[in-house]
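Residues per chain, in single letters:
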Amino acid sequence: MIEAVSCGGIVIHKWKILLLYKNQNGKYMGWVLPKGTVEAGETYQETAIREVHEETGSIATILKYVGKTQYSFRGDEDMVSKTVHWYLMETDSFYSKPQSEEYFADAGFYKFHEAYHLLKFNDERQILKKAYQEYSDRNRSSFFYKKNFFKSYNT
């Protein structure tokens, strides 16, 4: 069995999530979150930022580590056990350009319920749910902090 490690991002801008559509040689591969293999000398955070940029063209920053997913599949020569480390990320624009070399045919930002139902893999749906909850909690507490700050400041 071969052990492999990848890192990826749940990239959000204005409450919408960035997804990629993979279509290899005319064969439907599905909608996925951006992720890729850790290169020698790279931290997991560096990998996530690089892979998001390479696969989508988006420049994103990490907000928080949200967890890992694990799965196995048959590789060319042996079974592969893959661990993917996921980061909640934010970007400041809706710009995206799918990386055609990796067979990505489309990229775009979608509302949570759209993204959740578009994603092909259940493990990615679950990590999306967790990341989006973190994003919601983070923004809700920031909103209430600002609201209470201005309320007390103006009284």
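Before reading on, note that the structure itself is shown above.
Residues numbered from 1 in each chain as written. Predicted model: local features only at pLDDT ≥ 70, side-chain atom pairs only at ≥ 80, totals over all residues. Heavy atoms only, no water.

> Explanation requested: helix 1 (residues 44-56) in the structure shown.
Residues spaced three or four apart along an α-helix point in a common direction, a consequence of the helix completing one turn every 3.6 residues. Its 13 residues place the ends of helix 1 18 Å apart at the C-alpha level, agreeing with the 18 Å of an ideal helix rising 1.5 Å per residue. Among the residues of helix 1, Thr47, Ala48, Arg50, Glu51, Val52, Glu55 and Thr56 are the ones counted as buried. Next to the buried residues of helix 1 lie strand 1 (2-13), strand 2 (16-24), strand 4 (35-37), strand 5 (60-74), strand 6 (79-91) and strand 7 (104-110). Just downstream of helix 1 lies glycine 57, where phi reads positive at about 80°. (Helix = DSSP H or I, 4+ residues; strand = E, 2+ residues; numbered from the N terminus. Expected span 1.5 Å × (residues − 1). Buried < 20%, exposed > 50% of the residue type's maximum accessible area, 1.4 Å probe, protein only. Contact = heavy atoms within 4.5 Å.)

> When you look at the pattern of salt bridges in this model, what are you seeing that I'm missing?
Note on pairing: side chains with opposite charge can pair once their charged atoms come close. Going through the model one piece at a time under the given rule, you end up with six salt bridges. The residue lysine 35 makes a salt bridge to glutamate 124 at a minimum N-O spacing of 2.9 Å. Linking lysine 35 in strand 4 with glutamate 124 in helix 3 (residues 122-153), this pair joins segments that are 89 residues apart in sequence. Among the residues examined, glutamate 124 registers a relative accessible area of 3% and is labelled buried. A salt bridge links lysine 64 to glutamate 134, with the shortest nitrogen-to-oxygen separation between them at 2.8 Å. Here lysine 64 is found in strand 5, whereas its partner glutamate 134 is found in helix 3, with 70 residues between them in sequence. (Salt bridge = Lys/Arg side-chain N within 4 Å of Asp/Glu carboxyl O.)

> Help me out: how do you make sense of the nonpolar core in this one?
The nonpolar side chains of soluble globular proteins are, as a tendency, buried together. Ile10, Ile17, Leu19 and Leu33 are the most contacted members of the largest nonpolar core, which totals 20 residues. Of all the secondary-structure elements, those providing two or more residues to this core are strand 1, strand 2, strand 6, helix 2 (112-118) and helix 3. Take this core: its biggest share by element is five residues, from helix 3. Excluding residues within four positions of it along the chain, isoleucine 10 makes contact with Ile17, Leu33, Val66, Trp86, Tyr87, Leu88, Met89, Ile127, Leu128 and Ala131. The next biggest cluster of nonpolar side chains, apart from the first, holds nine residues, and it includes Val11, Leu18, Val52 and Ala60. (Core = buried A, V, L, I, M, F, W, Y, C linked by side-chain atoms within 4.5 Å.)

> Which parts of the structure should I look at to understand the packing of aromatic side chains?
In this description, a pair of aromatic rings is defined by centroid distance and the angle of the planes. Counted by the stated rule, this structure contains 11 aromatic pairs. With 4.8 Å between their ring centres and 75° between their planes, tryptophan 15 and tyrosine 135 make a pair best called edge-to-face. Of this pair, tryptophan 15 sits in the loop between strand 1 and strand 2 while tyrosine 135 sits in helix 3, placing them 120 residues apart in sequence. Take tyrosine 135: its relative accessible area is 4%, and that puts it in the buried class. (Phe/Tyr/Trp six-rings, centres within 6.5 Å; stacked < 30°, edge-to-face > 60°.)

> Before we go on, may I ask you to explain the pairing of strand 1 in this structure?
Two faces, one strand: in a regular strand the side chains alternate between the faces of the sheet. Summarising burial for strand 1: nine of the 12 residues are buried, a large majority. When strand 1 meets strand 6, the two strands line up parallel, connected through 11 bridges. The residue of strand 6 that forms the bridge with valine 5 is threonine 83. As judged from the three bridges shared by strand 1 and strand 4, these two strands associate in the antiparallel manner. Directly across from glycine 8, in strand 4, lies its bridge partner lysine 35. Pairing analysis gives two bridges linking strand 1 to strand 2, with the strands arranged antiparallel. Residue histidine 13 lies in a different strand from strand 2, and its bridge partner there is lysine 16. The hairpin formed by strand 1 and strand 2 contains two residues between the paired strands, and lysine 14 there has a positive phi angle of roughly 50°. (Pairing = 2+ DSSP bridges.)

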